[in-house]
Amino acid sequence: MDQNLEKIAERKKRWEEGPLKFALMRFKFAESPTRFYTPLDLKDFDFLEKVGFPGEYPFTACPYPTLPYAAGVKGGGFISGAPGLKRAGRYSGYGTPEDTRDYYKQMQAMGQKAGPNFALDLPTQCGYDSDNPLIRGEVGKVGVAIDSLRDFEIIYEAFQGNQDVDRIASNFTINAPANVLIAMYIALAEKRGISMDKLKGTPQNDILKEFVARGTYIFPPRPSMRMMRDSLVFFTRNLPGINVTSIGGYHMREAGATREQDLAYSMAIGIVYLQEGINAGLEIDSFAPKFTFNGFGGSMEFFKEIAFQRAARRMWARILKERFGAKDPRSMLIRCPLTAHIGCSSTAKQRPLNNLTRAVVGAVAGALCGGPPVAMPPYDEPLGLGWSLEAIQLAEDAARILQCEAGLTEVVDPLAGSYYVESLTDEIEAAAWRELERVEAMGGAVAAIENGYIQREIARSAHERQQRIERGEDLIIGANCFTDEAELEVTTSRLVDHPYDPAKREQAEERQIKNLAELKRTRDNRLVSQLLKELREAARKEEENLMPHFINCAGAYVTEQEMCDVLREVFGEYEPVSLF
């Protein structure tokens, strides 16, 4: 220990035995409820090794040299915009394709200029058509129903001219049948005379987290990884503007994962996706820059979420450089539009306006961790599907205030060098490496999903958190504390109608079934049968890429379920493992 640290250690001991001890006795504390960090907590700190400059390895401070983003862009989905960027807009969609088309036209009339960011209904996410009796009651409820190319054609009537598909970016929250929907997007472009290499967008295409969090899987993990391989290879070679995946640790945290599990399992999943590209013969720097992150999870633990984001950037960069031998700095970036935030599970339906305060806490954390301030989600997130325009306005204004009035985006990673934040960053990263090593020892993420390890660990963490809430150890204002009769339930006035028409949503199923029946009656069904036969034969050949077959099927108006049923026949369907 150098001479200066020895002095600090000696002074710390005097402080603990003097002023601190006296304060604890005075307030009758057995131990201090607060900590104070010093250089003793950050021994041998090397700035260039641990932090570096923004936009340079190890990217701890920020993935980019500067952040010229404008917060609170109208209709931007709470994602900051900048000149030259083409990004999809707010996560949205409901009812039939006609309903969602009209919604986008309404938003455009209010100033939205971004492309669509699709919320899809559960039947679409699970590879079922709207006329399947198995999913009655679900069509168009949590997102828009898409059965075929016809539905893409209708939705994209809202995007033409200077907003045609070669001029905007589109995002698709779809996983198991991601390749099928991207094929429909390509077929739409081709019918408009636009080549596929002009398209921009991002499918979520993160199937492994579906097995451990969201649950919209179809096929077992191994054939699901074949689908990932097919998209990775095809997109890399033919779709320069389409990202391969948007990895989603966010969903695992929402399902109950701890902060360290979120980071470890996200890295483990990212590793197996990268390895698929290597196994297919691609150079790492040819496809790794096309990997994005949908977002990690969040919480109300302000400083821990800041440190988490910094640890994640450093960890991913190290994996790409040291394990995969990446040379291109773009391969090492976590490209993520949402940095630190609170997560939707941090909101409460009790006294919901408090959720705006919570979202602002997350937005401040976002700005202080080397990202833009994103006040997400809008305060009415726990009250129902789709946000009110009033809640969206408040969320957008919150981000604007933090940038334009508070000036939080004028400095990148302002807490770099903080004894506390740097120590916390190291602690979170070290814990994530330990958990990642456990997964790697099992054979990687796929093996750890097949044996149920990741699912069990997340379920255990979720149970433990709920127990802490019920015991009052984790406090949620208005839900398990400060709930007596003297507290006020504050509400806002509804100024405009909700953008999702509840009557249309209720009628969506019957309308969509009728439209699907008409499509199946009028298309070339002989061609459909032939293309499905060719898809079945190709699916039986492990090395054959199925993307060209999906595109041919989409162009002939073969439906999503018809394609997925062929794959169910060849690949089988996933049966969840028993967790306990």
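What counts as what
- Residues numbered from 1 in each chain as written.
- Predicted model: local features only at pLDDT ≥ 70, side-chain atom pairs only at ≥ 80, totals over all residues.
- Heavy atoms only, no water.
- Phe/Tyr/Trp six-rings, centres within 6.5 Å; stacked < 30°, edge-to-face > 60°.
- Helix = DSSP H or I, 4+ residues; strand = E, 2+ residues; numbered from the N terminus.
- Buried < 20%, exposed > 50% of the residue type's maximum accessible area, 1.4 Å probe, protein only.
- Expected span 1.5 Å × (residues − 1).
- Contact = heavy atoms within 4.5 Å.
- Pairing = 2+ DSSP bridges.
- Axes fitted to C-alpha atoms, helices over the stretch in contact; angles between N-to-C directions.
- Salt bridge = Lys/Arg side-chain N within 4 Å of Asp/Glu carboxyl O.
- Right-handed = clockwise from strand over helix to strand, strands pointing away.
- Polar contact = N/O pair within 3.5 Å; in protein donor to acceptor, adjacent residues only side chain to side chain.
- Patch = residues over 30% accessible without salt bridge, like charges linked within 9 Å, V, L, I, M, F, W, Y side chains within 5 Å.
- Areas by Shrake-Rupley, 256 points an atom, 1.4 Å probe, with all protein chains shown as cover.
- Disulfide = S-S within 2.5 Å.
- Parallel < 35°, antiparallel > 145°, perpendicular 65-115°, else oblique.
- Left-handed = near helix turned anticlockwise from the far one by under 90°.
- Nonpolar A, V, L, I, M, F, W, Y, C, P; charged D, E, K, R; others polar.

A.B. asks: What is the right way to read the packing of aromatic side chains from this model?
C.D. replies: Given two aromatic rings, their pairing is described by the distance between the two centres and the angle made by the two planes. Scanning the model with the defined rule gives 28 aromatic pairs in all. Considering the side-chain rings of Y104 and F118, the 6.4 Å spacing of their centres and the 90 degrees angle between planes classify their relative orientation as edge-to-face. On the criterion of sequence distance, the pair formed by Y104 in helix α3 (residues 97–109) and F118 in strand β2 (residues 115–118) is long-range, its members being 14 residues apart. Of the two residues, Y104 and F118, both sit in the buried class. Note on Y217 and Y574: the rings are 4.8 Å apart at their centroids and 80 degrees apart in plane angle, and the pair reads as edge-to-face. In this pair, Y217 is assigned in the loop between α7 (207–214) and α8 (221–238) and Y574 in the segment after α21 (560–571), connecting sequence segments 357 residues apart.

A.B. asks: Help me understand helix α13 (residues 354–368), please; the structure alone is not making it clear to me.
C.D. replies: An α-helical turn contains 3.6 residues, so any two residues separated by three or four positions project in the same direction. For α13, spanning 15 residues, the distance from its first C-alpha to its last is 22 Å, which sits close to the expected 21 Å at 1.5 Å a residue. Considered for burial, the residues of α13 that qualify are N355, R358, A359, G362, A363, V364, A365, G366, A367 and L368. Residues of α13 that are buried sit in contact with α12 (302–323) and α14 (389–405). Phi for G370, located one or two positions after α13, is positive at around 100 degrees.

A.B. asks: Is there a simple way to explain the sheet that holds strand β4 (residues 200–203) in this structure?
C.D. replies: Reading across from one edge, β1-β2-β3-β4 is the order of the four strands in this open sheet, with parallel pairing throughout. One side of each edge strand has no neighbouring strand; the edge strands of this open sheet are β1 (88–92) and β4. Strand-to-strand twist across the sheet, computed as the mean angle between neighbouring axes with direction ignored, equals 15 degrees. Across two bridges, β2 lies against strand β3 (residues 169–172) in parallel orientation. In the sheet register, N117 faces β3, and the bridge partner there is N171. This element, α3, spans β1 and β2 of the sheet and lies at about 130 degrees to β1.

A.B. asks: Would you mind showing me how to read the pattern of salt bridges here?
C.D. replies: Side chains bearing opposite charge may pair, as long as their charged atoms lie close to each other. Scanning all chains against the criterion turns up 43 salt bridges. Taking the shortest distance from any N to any O, the salt bridge between E322 and R318 comes out at 3.1 Å. Here R318 and E322 lie together in helix α12, a separation of four residues that amounts to about one turn. Exposure remark for E322: the relative accessible area of 55% places this residue in the exposed category. Beyond isolated ion pairs, a larger network of salt bridges with shared partners links R253, R259, D262, E301, K304 and E305.

A.B. asks: Quick question: what am I supposed to make of the pairing of β4 here?
C.D. replies: Along a regular strand, successive side chains alternate from one face of the sheet to the other. Two strands pair when backbone bridges link them, and β3 and β4 are joined in this way by four bridges, in the parallel orientation. Residue pairing for β4: N171 is matched across the bridge by T202. One crossover worth recording links β3 to the parallel β4 by way of helix α6 (residues 178–191), and it is right-handed.

A.B. asks: Can you help me understand the environment of Q403 in this one?
C.D. replies: Here Q403 shows up in helix α14. For the pair Q403 and A367, spaced 36 residues apart in sequence, the C-alpha to C-alpha distance is 8.7 Å.

A.B. asks: When you look at the environment of Y379 in this model, what are you seeing that I'm missing?
C.D. replies: Take Y379: it is sitting in the loop between α13 and α14. Between the C-alpha atom of Y379 and that of A395, which follows or precedes it by 16 residues, the distance is 7.8 Å. Contact partners of Y379, with chain neighbours within four places excluded, come to P352, L353, N355, L356, S388, A391, L394 and T492. Among the polar contacts made by the side chain of Y379, one reaches the side chain of T492 at a distance of 2.8 Å.

A.B. asks: Can you walk me through a nonpolar patch on the surface in this structure?
C.D. replies: A contiguous nonpolar patch, built from F47, L48 and F53 and spanning about 310 Å² of accessible area, is present on the exposed surface. On the secondary structure map, F47 appears in helix α2 (residues 47–50). Residue classification places F47 among the partly exposed residues on the basis of a relative accessible area of 35%.

A.B. asks: Just checking my understanding: could you explain the state of the cysteines for this structure?
C.D. replies: Here a disulfide denotes a covalent bond joining the sulfur atom of one cysteine to the sulfur atom of another. In the structure shown here, the tally under the stated rule is zero disulfides. Residue C62 stays outside any disulfide, its sulfur separated by 8.6 Å from that of C369, the closest cysteine. Relative accessible area serves as the criterion here: at 0%, C62 is assigned to the buried category. The structure places no disulfide on C126, whose sulfur is separated from the nearest cysteine sulfur, that of C564, by 9.8 Å. Exposure remark for C126: the relative accessible area of 18% places this residue in the buried category.

A.B. asks: Which parts of the structure should I look at to understand the packing of helix α19 (residues 525–539) against helix α20 (residues 547–555)?
C.D. replies: Each pair of packed helices can be summarised by the angle the axes make with each other and by the distance between the axes. One way to put it is that α19 packs onto α20 with a least axis distance of 10 Å and a crossing angle of 165 degrees. By the angle class used here, α19 and α20 are roughly antiparallel. Helix-helix and strand crossings are classified by hand; for α19 and α20 the assignment is left-handed. Seen from α19, the contacting residues are L531, E534, L535 and A538; seen from α20, they are H549, F550, N552 and C553. Grouping the amino acids of the contact of α19 with α20 by side-chain chemistry returns five nonpolar, two polar and one charged.

Purely geometric numbers; function is a separate question.
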